[in-house]
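# Chain and residue survey
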Amino acid sequence: MAEYWQWAVYVAPLVFLWWWFHRRAKTRHVASLEVLEEAREAGLTEPVSLHPVIDPNKCLGCGACVRACPEQPEHTVLGLVQGKAQLISPTDCIGHGACKIACPLDAIDLVFGTETRGVTIPVVSPTFETSVPGIYIAGELGGMGLIKNALTQGRQAVEAIHRLRKNPHAKVADLIVIGAGPAGFGAALTATSLKMKYLVLEQESLGGCVFQYPRGKLVMTQPAELPIVGRIKITTTSKEDLLSFWQETERKVRMPIRYQEHVKSVEQTPRKTFIITTSKTRYETNSVLLAIGRRGTPRKLGVPGEDLPKVVYRLVDPDQYKGQRVVVVGGGDSALEAAASIAEINDKPVILSYRGDAFQRAKQKNRQRVAAAEQNKQLTVLLKSNVRSIEADTVVIEHNSKLLKVGNDAVIVNAGGVLPNDFLKSMGVAVETKYGTA
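Criteria and thresholds
Residues numbered from 1 in each chain as written. Predicted model: local features only at pLDDT ≥ 70, side-chain atom pairs only at ≥ 80, totals over all residues. Heavy atoms only, no water. Helix = DSSP H or I, 4+ residues; strand = E, 2+ residues; numbered from the N terminus. Buried < 20%, exposed > 50% of the residue type's maximum accessible area, 1.4 Å probe, protein only. Contact = heavy atoms within 4.5 Å. Pairing = 2+ DSSP bridges. Axes fitted to C-alpha atoms, helices over the stretch in contact; angles between N-to-C directions. Expected span 1.5 Å × (residues − 1). Phe/Tyr/Trp six-rings, centres within 6.5 Å; stacked < 30°, edge-to-face > 60°. pLDDT = per-residue confidence, 0-100.

In this section: the environment of Ala-64. Counting through the fold element by element, Ala-64 comes out in helix 2 (residues 64-68). Accessibility expressed as a relative area gives 16% for Ala-64, which makes it buried. Along the backbone, Ala-64 and Ile-101 are 37 residues apart, and their C-alpha atoms lie at a distance of 9.5 Å. If sequence neighbours within four positions are ignored, Ala-64 has contacts with Ala-102 and Pro-104.

Below, the structure is given as structure tokens:
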């Protein structure tokens, strides 16, 4: 009997550990499956940026990649399904690459696109130069959506331009940077430190895609080394705090940024310089760095009255629409978030207009918010509808073959962006479509 109890003392902890391990694995499996099913139901199964592909034959299910993802816990990008790591929320992946570094068995590759959905990106050299000598690309346009990567690429590209450019014309700019987002910001700091003659052209505001985020949105960044300011040690911060840091740096450095200038064309001259034509004027430069986003210019409705001041293409702060009659146009996450956020705090009519018959490309939580707001009579949803015209205090919407004229104070259009592929081709920049390759 004594031997039995002595044996039990040693075995019991092992049995407990075995039970605890399998219970934990089952909990992770169930939680990961819920996220994966939610993504499938919403049709959000295709990653839009650089993302991991995991070899199940190499993966041991240790979870190192899941823990390493900097998007956790705000976004559950990776999970463990049946004991193997899997990309369970593909559209939330923005290409950190931390999962690949953390994997102890080299079971992860980072790729663009999938077998069924290609991602078109420009062809660039290791120095970020395109197929057109003198034109460079850094940041999101090249497939890197991560802020830290974009900042670093902006710096590296300008360093390469400064090092490699041969026989520049002294009477024109050394460099013109198009876009003042993270890549453009990093490029401007580097050009300043190298005493280059440069300009930054931005069609909207400092921060690019970051500026377009809703108020209070958490921005995930990793430390980046930049000229003049040194190491940026921000790890998790809000949009407002990050922009405040950039704006303060812009003032201190006196960056030559020209705002509200939309670039219409980039043309090469016989002497190998470039003429950039904007909505305001023309510039000549020895080199061009394209630091624009992949979202491109906001897609417009093309209806009468769209040029009225009350029409915008993003939601910055729901509070500014309190007491206003609002129409939101679109069927993606941005449109649903905007409509629900305003409806939940507003005592005036809010309408969500979408041309489709269902919100198939939106996350379940956003569809649930919209459904709840509609049930509470805070929001009117008009599926299979199209805005036909916009007037000073009304909007005409076609719905079920009828024209509805509704009172209106503001219109928010979330219809996506016009991708810049045509812009690249007009310059002669070669692009390629990746189908699950690096």
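Another point: the sheet that holds strand 23 (residues 394-399). Read across the open sheet, the three strands follow the order 22-23-24; overall the sheet is antiparallel. Each edge of the sheet is formed by a strand with only one pairing partner; in this case those strands are strand 22 (385-390) and strand 24 (402-407). On average, each strand axis in the sheet is inclined to that of its neighbour by 30°, with strand direction left out of account. Here strand 23 runs beside strand 24; their pairing, made up of six bridges, is antiparallel. The partner of His-399 across the bridge, within strand 24, is Lys-402.

The strand order 18-25-19-20-21 describes an open sheet built from five strands, whose pairing is parallel. Both outer strands of the open sheet, strand 18 (311-312) and strand 21 (380-383), are each paired with one neighbouring strand and no more. Strand direction decides the pairing type here: strand 18 and strand 25 (residues 410-413), joined by two bridges, are parallel. Of the residues in strand 25, the one forming a bridge with Val-311 is Val-411. Helix 7 (residues 333-343) rests against strand 19 (326-329), strand 20 (350-354) and strand 25 of the sheet, and its axis sits at about 165° to strand 20.

Its twelve residues give helix 5 (residues 182-193) an end-to-end C-alpha distance of 17 Å, which sits within 8% of 16 Å, the value for a rise of 1.5 Å per residue. For helix 5, the set of buried residues is Pro-182, Ala-183, Gly-184, Phe-185, Gly-186, Ala-187, Ala-188, Leu-189, Thr-190 and Ala-191. Immediately downstream of helix 5, the backbone of Lys-195 shows phi near 60°, a positive value.

With that out of the way, let us pick up the pairing of strand 19. Residues Val-326 and Val-328 point to one face of strand 19 and Val-327 and Val-329 to the other, with burial holding for every one of them. Where strand 19 and strand 20 come together, four bridges link them in parallel fashion. Across the sheet, the residue bridging to Val-326 is Val-350, located in strand 20.

In this description, a pair of aromatic rings is defined by centroid distance and the angle of the planes. Considering all chains together, one arrives at one aromatic pair under this definition. Seen from their ring centres, Tyr-354 and Phe-359 are 5.6 Å apart, and the 25° between their planes marks the pair as stacked. Overall, the relative accessible area of 12% leaves Phe-359 in the buried class.

Per-residue confidence for the protein chain averages 83 on the pLDDT scale, and 85% of its residues sit at or above 70. Within the protein chain, the element-level pLDDT minimum falls on strand 9 (residues 218-220), averaging 52, and the maximum on strand 19, averaging 96.

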